[in-house]
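Topology and contacts: notes
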Amino acid sequence: MSGGASPPRVVVAMSGGVDSSVTAALLQEQGCDVIGVTMRLWDGPATGKGCCGVDDASDARRVADRLGIPFYALNYAEAFREKVVDNFVDEYLAGRTPNPCARCNQFIKFDRLLAQARDLGADYLATGHYARIDREGGRPRLRTGRDPAKDQSYFLAVTPAEQLGAIRFPVGDYGKDEVRRLAERYGLVTANKPESQDICFVGGSAAEFVAGHGTGPGLEPGEIVDRAGHVLGEHKGAAYYTVGQRRGLHLVAGRPMYVVEVDTGSNRVVVGEADEVFQRAMEVADLNWFAEPLPATGRSVAVKVRYAGKPVAARVAPLGENRARVVFDEPVRAVTPGQVAAFYDADEVLGGGWIAETAA
């Protein structure tokens, strides 16, 4: 990357939303040489959601024009389909619940886009994520955003550890209201733009998308059974269900029942009572570790098993082949294979990985 006495060059991933718009403005105000880019990620039917639409790219360009910075549109649709969309479908068909936003960060933003930023002579790639990178000490540390309500560090836990030093998150020190006020001060058209929390390439429900893009036994009607194999009802397709789900089962069991296992191979949905939804342990695959290496005996951590969940106390120990076993101090509800496990020590993100399997 570039060096010398010139100001740092920063490529900003501009989605057309207020967060990435303010990211570009803050960096410019700090004296950085800012380049704006927007990524075309989805080449399928328009959804009107997320950061993949023509209007979003137009808003990003308008912000770049307002700031007077160079702006480029990059087409990553093929890579996005391969790494994110196809995985999304395959995971549902395998009975897991995918996390496309985390995969986009892992394989698109902080992999391919970061490589493109380097080609542009940039020192850093910046995004509008609500997280922070602490550069003091011997290594960069990923920390939670200062606003707990907006913290997005969970989605960043699988970002390749070796890339952390080349990433910046300027809005991580602000709350959402502060970011909107900054956007108004900078005169940005995105200041009051609503934010989307939907999956950008899914126009309807996830189940409808999977049914339209995949095939397999998990998309056909089948049996709902209990742990003992007793048939309790019929489902519309095992791939449409997720661990912990209660609604949509349409069972007459005399008590609440929850999905405890999804077996798309046999096209069965296994249900149980409330206490059967809790797990005491899990295995995590493709472990990505920012901190000092995990000791063979493991270490105590706090772990989040879903974005909206709270960190819970656990112990994580390496298993080899980039896997780890996590044992919770207390049983945790609806630990879902396919989701991210993010490990914390106070506000520091120690690392993360993909939940592979669970244990009661």
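Quick caveat: nothing in here was measured; it's all calculated off a predicted structure.

Following both chains from N to C, one finds helix 1 (residues 18-29) and helix 5 (residues 176-186) inclined at 65 degrees, their axes separated by 9 Å at the closest point. Between helix 1 and helix 5 the crossing geometry is left-handed. Contacts between helix 1 and helix 5 involve Val-18, Asp-19, Val-22, Ala-25, Leu-26 and Glu-29 from the first element and Lys-176, Val-179, Arg-180, Leu-182, Ala-183, Arg-185 and Tyr-186 from the second. Each residue belonging to the contact of helix 1 with helix 5 can be placed in one class, and the counts come to eight nonpolar, no polar and five charged.

Between its first and last C-alpha, helix 1 extends 16 Å over 12 residues, near the 16 Å set by a 1.5 Å rise per residue. Counting buried residues in helix 1 gives 10 out of 12 residues, a clear majority hidden from the surface. Residues of helix 1 that are buried include every one of Val-18, Asp-19, Ser-20, Ser-21, Val-22, Thr-23, Ala-24, Ala-25, Leu-26 and Leu-27, and no others. The elements touched by buried residues of helix 1 are strand 1 (9-13), strand 2 (33-40), helix 2 (54-67), strand 4 (124-126), strand 7 (167-168) and helix 5. Gly-31 sits one or two positions beyond helix 1 and adopts a positive phi of about 95 degrees.

All right, on to the packing of aromatic side chains then. The geometry of an aromatic ring pair is captured by two quantities: the separation of the ring centres and the angle between the planes. Inspection of the entire model under this criterion finds 12 aromatic pairs. Residues Phe-88 and Phe-201 carry aromatic rings whose centres are separated by 5.2 Å and whose planes lie at 90 degrees to one another, so their mutual orientation is edge-to-face. With Phe-88 in helix 3 (residues 77-93) and Phe-201 in the loop between helix 5 and helix 6 (206-213), this residue pair connects regions lying 113 residues apart in the sequence. Ring geometry for Trp-289 and Phe-343: centres 5.8 Å apart, planes at 50 degrees, overall tilted. With Trp-289 in strand 12 (residues 278-289) and Phe-343 in strand 16 (residues 340-345), this residue pair connects regions lying 54 residues apart in the sequence. Per residue, the accessibility class of Trp-289 equals that of Phe-343, and both read buried. Three or more aromatic residues joined by ring pairs form one cluster here, namely Trp-42, Phe-80, Phe-88, Tyr-92, Phe-201 and Phe-209. Arg-168 extends its terminal NZ or CZ atom over the ring of Tyr-124, reaching a point 5.1 Å from the ring centre.

Calculation rules
- Residues numbered from 1 in each chain as written.
- Predicted model: local features only at pLDDT ≥ 70, side-chain atom pairs only at ≥ 80, totals over all residues.
- Heavy atoms only, no water.
- Axes fitted to C-alpha atoms, helices over the stretch in contact; angles between N-to-C directions.
- Helix = DSSP H or I, 4+ residues; strand = E, 2+ residues; numbered from the N terminus.
- Left-handed = near helix turned anticlockwise from the far one by under 90°.
- Contact = heavy atoms within 4.5 Å.
- Nonpolar A, V, L, I, M, F, W, Y, C, P; charged D, E, K, R; others polar.
- Expected span 1.5 Å × (residues − 1).
- Buried < 20%, exposed > 50% of the residue type's maximum accessible area, 1.4 Å probe, protein only.
- Phe/Tyr/Trp six-rings, centres within 6.5 Å; stacked < 30°, edge-to-face > 60°.
- Lys NZ or Arg CZ within 6 Å of the ring centre and 35° of its normal.

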